[in-house]
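One letter stands for each residue in the lines below.
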Amino acid sequence: MKTLVVVGSQWGDEGKGKVTDYLAQKADVVVRSQGGNNAGHTILFGGNKFALRSIPSGIFNPNIKNVMANGMVIHPKQMLEELHGLEARGIREYQLFISNRAHIVLPYHEALDGAFETFKGDHKIGTTKRGIGPAYADKANRIGIRMGDFVEEHTLKELLKETLNIKNRELQMLGLPQYDFHELYTEYSVYAKELKKFVCDTSLLLEEEIEKGSKVLFEGAQGVMLCLDHGTYPYVTSSSPTGASVPLNAGIAPRYITDVLGVCKAYTTRVGEGPFPTELNGDLANYIRERGHEYGTVTQRPRRVGYLDCVALNYARRVSGINHLALMLFDVLSGIKTLKICYAYDLDGEIIYTIPSTTYDYSRVKPLYIELPGWDEDITSVTSFEDLPENAKAYIRKIEELTKSKVSLFSVGPDRTQTIELEEFFK
Ligand code: IMP
């Protein structure tokens, strides 16, 4: 295995940051290929906690090439703040490459994101308000600005003037404040100068790396259930966080992708709006939320919490080509008397094993559960599968049975060391 895609197999926040950081120690290249700073990847090692948003998780290792590929939308100002924040904490030696075809996010995208949420009222998506949707919309509408143009003084001036002319009309129609070209240009041309040294053709770089046998890790952001195409539309993000999207979003051949590791929590969480069949309320939800520190990395919102949903996991496996699972936050479940796993849904009396395409149907499904006895033991110091209490082993085996996937890794705490690999990646 020379390339590995890590995807979130639920609604994001599955612990991809930790898995990627763990696997990145053995990788030569780490790639972010979609999304932007709507992601929040928390990484803990040596007593230090880092929350990455748009920068790949290999940034802590000076030997790793970190790639921000063409499928990303990058906010120049906030990305530089993120980078300066890392530098201020001693991360000064790093290798970073930004695709000249990645799109940039500007302040008017954030303003539009917020405004559309307000217009949607009760039907708001619950976005991170980072301007992600409007930036991808501009890309599709062919009025986006790409990194390669952004970092060239002559093209930036011309393009920004042209684009702002259109965007200001849109803002005006919506009753929103407009942006002054000179102010925006003066501020953003400074960021452009600083970013220029990182910008290159990352598709070319990746092909060279893969062909010479480098170990390349593709770090997914968000989760399959938030996929623009296959997720619970419209309560989704504006890119595709699936394994299938990686070749397009990184500019590489599909044949390079053979292994997809789906990261899932031992339970389910969701931030933002939208149906959530296994959602819990009350004491058990609070117990899991507090033990799992289930508050958004980007927005600090308390996350919605529920039982593990194997219908959603199976769906993610199918549409994303997942062939390994990483089970995260397993330790959080200690102390729960009876655990439930959803294996099917009841939709108006019919038993279904997949996700309905409409919100109308999906919000009506009733989860069907199997019940398993829980365990009281603290498992945060466990170092092997054999060390686990019998009921915890049975919980893992049941997930494997229901998802027809092998749990290749499980995690019993936030630190790098609290990771148990059952199958070796990047040998
Ligand atoms: P957006 O990506 O900011 O447009 O938000 C769209 C939906 O995706 C909202 O429900 C967000 O809460 C969710 N979302 C976006 N990024 C993440 C993430 O990294 N983790 C979890 N949810 C996310």
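All values reported here derive from a predicted model rather than from experimental measurement. (Residues numbered from 1 in each chain as written. Predicted model: local features only at pLDDT ≥ 70, side-chain atom pairs only at ≥ 80, totals over all residues. Heavy atoms only, no water.)

**Some details on the state of the cysteines**
Here, the word disulfide means a covalent bond between the sulfur atoms of two cysteines.
Stage number 1. Going through the model one piece at a time under the given rule, you end up with zero disulfides.
Stage number 2. You can see cysteine 264 has no disulfide; the closest cysteine sulfur is in cysteine 310, sitting 7.8 Å from it.
Stage number 3. Residue classification places cysteine 264 among the buried positions, given a relative accessible area of 0%. (Disulfide = S-S within 2.5 Å. Buried < 20%, exposed > 50% of the residue type's maximum accessible area, 1.4 Å probe, protein only.)

**Thoughts on the sheet that holds strand S2 (residues 29-32)**
Stage number 1. Taken in spatial order, the 10 strands line up as S9-S7-S5-S2-S10-S1-S11-S15-S19-S20 in an open sheet, and their pairing is mixed. What marks the edges here is a single partner per strand, and that holds for strand S9 (199-200) and strand S20 (419-421).
Stage number 2. Pairing of strand S7 (residues 95-99) with S9, which is carried by two bridges, proceeds in the parallel orientation. The partner of serine 99 across the bridge, within S9, is cysteine 200.
Stage number 3. Together, strand S1 (3-8), S2, strand S10 (216-219), strand S11 (260-265), strand S15 (324-328), strand S19 (407-411) and S20 form the strand contacts of helix H1 (residues 16-24), whose direction differs from that of S1 by roughly 165°. (Pairing = 2+ DSSP bridges. Helix = DSSP H or I, 4+ residues; strand = E, 2+ residues; numbered from the N terminus. Contact = heavy atoms within 4.5 Å. Axes fitted to C-alpha atoms, helices over the stretch in contact; angles between N-to-C directions.)

**Observations concerning the site of the ligand**
Stage number 1. Near the ligand, the surroundings consist of 17 residues, among which Asp13, Asn38, Thr128, Thr237 and Arg301 are the closest.
Stage number 2. Aspartate 13 places a polar side-chain atom, nitrogen or oxygen, 3.0 Å from a nitrogen atom of the ligand.
Stage number 3. For the ligand, the protein covers 97% of the area, taking 470 Å² as the surface of the free molecule.
Stage number 4. Of the residues in the shell around the ligand, the class split is six nonpolar, nine polar and two charged. (Near = heavy atom within 4 Å. Polar contact = N/O pair within 3.5 Å; in protein donor to acceptor, adjacent residues only side chain to side chain. Areas by Shrake-Rupley, 256 points an atom, 1.4 Å probe, with all protein chains shown as cover. Nonpolar A, V, L, I, M, F, W, Y, C, P; charged D, E, K, R; others polar.)

**Details of the environment of arginine 32**
Stage number 1. Structurally, arginine 32 can be placed in strand S2.
Stage number 2. Once you skip the residues sitting within four places of it in the chain, arginine 32 turns out to touch Ala39, Arg53, Ser54, Pro56, Val67, Met68, Ala69, Met72, Glu219 and Ala221.

**Concerning the side chain of threonine 202**
Stage number 1. Examined against the element boundaries, threonine 202 turns out to sit in helix H8 (residues 202-211).
Stage number 2. Setting aside its immediate chain neighbours within four residues, threonine 202 contacts Val67, Met68, Ala69, Asn70, Phe97, Ile98 and Ser99.

**Some words on the environment of leucine 409**
Stage number 1. Relative to the helices and strands, leucine 409 is located in strand S19.
Stage number 2. Judged by relative accessible area, leucine 409 falls into the buried class, the value being 0%.
Stage number 3. The sequence separation of leucine 409 and threonine 419 amounts to 10 residues, and the corresponding C-alpha distance is 7.1 Å.
Stage number 4. Those residues in contact with leucine 409, other than ones at most four positions away along the chain, are Val19, Tyr22, Leu325, Ala326, Leu327, Met328, Thr419, Ile420, Glu421 and Leu422.

**Let's talk about a nonpolar patch on the surface**
Stage number 1. There is a patch of nonpolar side chains on the surface, built from Tyr343, Ile351 and Tyr353 and spanning about 310 Å² of accessible area.
Stage number 2. Summarising the element assignment, isoleucine 351 is placed in strand S17 (residues 350-352). (Patch = residues over 30% accessible without salt bridge, like charges linked within 9 Å, V, L, I, M, F, W, Y side chains within 5 Å. Salt bridge = Lys/Arg side-chain N within 4 Å of Asp/Glu carboxyl O.)

**Describing the packing of aromatic side chains**
Stage number 1. Enumeration according to the criterion identifies 13 aromatic pairs in this entry.
Stage number 2. Ring centres of tryptophan 11 and phenylalanine 276 lie 5.6 Å apart, and the angle between their planes is 45°; on these two criteria the pair is classed as tilted. One end of the pair, tryptophan 11, is in the loop between S1 and H1; the other, phenylalanine 276, is in the loop between strand S12 (268-270) and helix H10 (283-291), and 265 residues separate them in sequence. The pair formed by tryptophan 11 and phenylalanine 276 is uniform in burial state, with each residue classed as buried.
Stage number 3. Among the aromatic residues, ring-to-ring pairing joins Phe330, Trp375, Tyr395 and Phe410 into one connected group. (Phe/Tyr/Trp six-rings, centres within 6.5 Å; stacked < 30°, edge-to-face > 60°.)

**Thoughts on the nonpolar core**
For soluble globular proteins, nonpolar side chains are generally found buried alongside one another.
Stage number 1. If you look at the biggest cluster of nonpolar residues, it comprises 70 residues, and the most contacted ones within it are Leu206, Phe218, Phe330, Tyr395 and Phe410.
Stage number 2. Looking at this core, the element that brings in the most residues is helix H11 (residues 310-320), giving seven residues.
Stage number 3. Setting aside residues no more than four positions away along its own chain, phenylalanine 410 makes contact with Leu327, Phe330, Val382, Ser384, Phe385, Leu388, Ile396, Gln418, Thr419, Ile420 and Leu422.
Stage number 4. By size, the runner-up hydrophobic cluster in this structure holds 40 residues, among which are Ile59, Met68, Ile145 and Tyr191. (Core = buried A, V, L, I, M, F, W, Y, C linked by side-chain atoms within 4.5 Å.)

**Side note on H11**
Each α-helix winds once per 3.6 residues, and so residues spaced three or four apart point in a common direction.
Stage number 1. H11 sits mainly inside the fold: nine of its 11 residues count as buried.
Stage number 2. On its buried face, H11 is in contact with S1, S11, strand S14 (308-309), S15, strand S16 (338-347) and helix H13 (390-403).
Stage number 3. By the N-cap criterion, in which a side-chain oxygen at the helix start approaches the backbone nitrogen of a residue two or three places on, H11 is capped by aspartate 309, the distance to valine 311 being 2.9 Å.

**A word on the side chain of aspartate 259**
Stage number 1. Mapped onto the elements, aspartate 259 comes out in the loop between helix H9 (246-250) and S11.
Stage number 2. Side chain to side chain, aspartate 259 and threonine 258 meet in a polar contact 3.1 Å long.
Stage number 3. Only 2.8 Å separates the side chain of aspartate 259 from the side chain of histidine 324, close enough to count as a polar contact.

**Remarks on the environment of threonine 403**
Stage number 1. Mapped onto the elements, threonine 403 comes out in helix H13.
Stage number 2. When the C-alpha atoms of threonine 403 and cysteine 310 are compared, they prove to be 6.5 Å apart, with 93 residues separating the residues in sequence.
Stage number 3. Non-local contacts of threonine 403, meaning those with residues more than four positions away in its chain, are made with Cys310, Leu313, Asn314, Arg317 and Leu325.
Stage number 4. Of note is the side chain of threonine 403, whose polar atom sits 2.7 Å from the backbone oxygen of isoleucine 399.

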